[in-house]
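A structural walkthrough
Spelled out from the first residue to the last, the chains are:
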Amino acid sequence: MADTTELTSSAQASSEELTQAIAELEEYRERLVNDTLSMAQRAKIMKAQALANLQPQLTQLDATLESLRQQQSTLTSGN
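Since this is a predicted model, take the numbers as computed values, not measurements. (Residues numbered from 1 in each chain as written. Predicted model: local features only at pLDDT ≥ 70, side-chain atom pairs only at ≥ 80, totals over all residues. Heavy atoms only, no water.)

In this structure, Lys-44 takes a positive phi of about 60° despite not being glycine. Take Lys-44: it is sitting in the loop between α1 (2–42) and α2 (47–78). (Helix = DSSP H or I, 4+ residues; strand = E, 2+ residues; numbered from the N terminus.)

Here it is in structure tokens:
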């Protein structure tokens with residue numbers, strides 16, 4: 001019985017950790033885009049060029065976010 005309670009609280013903690021990690025990554029992604037565009041504007045670089053340079057990092061962040069969301073979905077549907 002203790003094992004089941006332990007697993008449930010462990011899964012809950014993991015779900016909460018995933019939720020927090022997703023929120024932090026989303027905030028980081030938004031801040032990265034905003035800061036990059038702000039710096040590009042100050043440096044008089046075209047927005048499209050700045051975003052093109054940023055795209056590999058955004059793609060990696062998006063893939064990580066999707067993976068975390070899938071893990072979270074698996075955890076929540078398993079409960």
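Considering every residue of the protein, the mean pLDDT works out to 86; 82% of them sit at 70 or more. In the model, residues 1–8 has pLDDT below 50 throughout and makes zero contacts with residues more than four positions away in sequence or in other chains. (pLDDT = per-residue confidence, 0-100. Contact = heavy atoms within 4.5 Å.)

Turning to the nonpolar core, a few remarks are in order. With five residues, the main nonpolar core is built from Leu-32, Val-33, Leu-54, Leu-58 and Leu-61. Looking at this core, the elements with two or more residues in it are α1 and α2. Among the elements that make up this core, the one with the highest residue count is α2 (three residues). If sequence neighbours within four positions are ignored, Val-33 has contacts with Leu-51, Leu-54 and Leu-58. (Core = buried A, V, L, I, M, F, W, Y, C linked by side-chain atoms within 4.5 Å. Buried < 20%, exposed > 50% of the residue type's maximum accessible area, 1.4 Å probe, protein only.)

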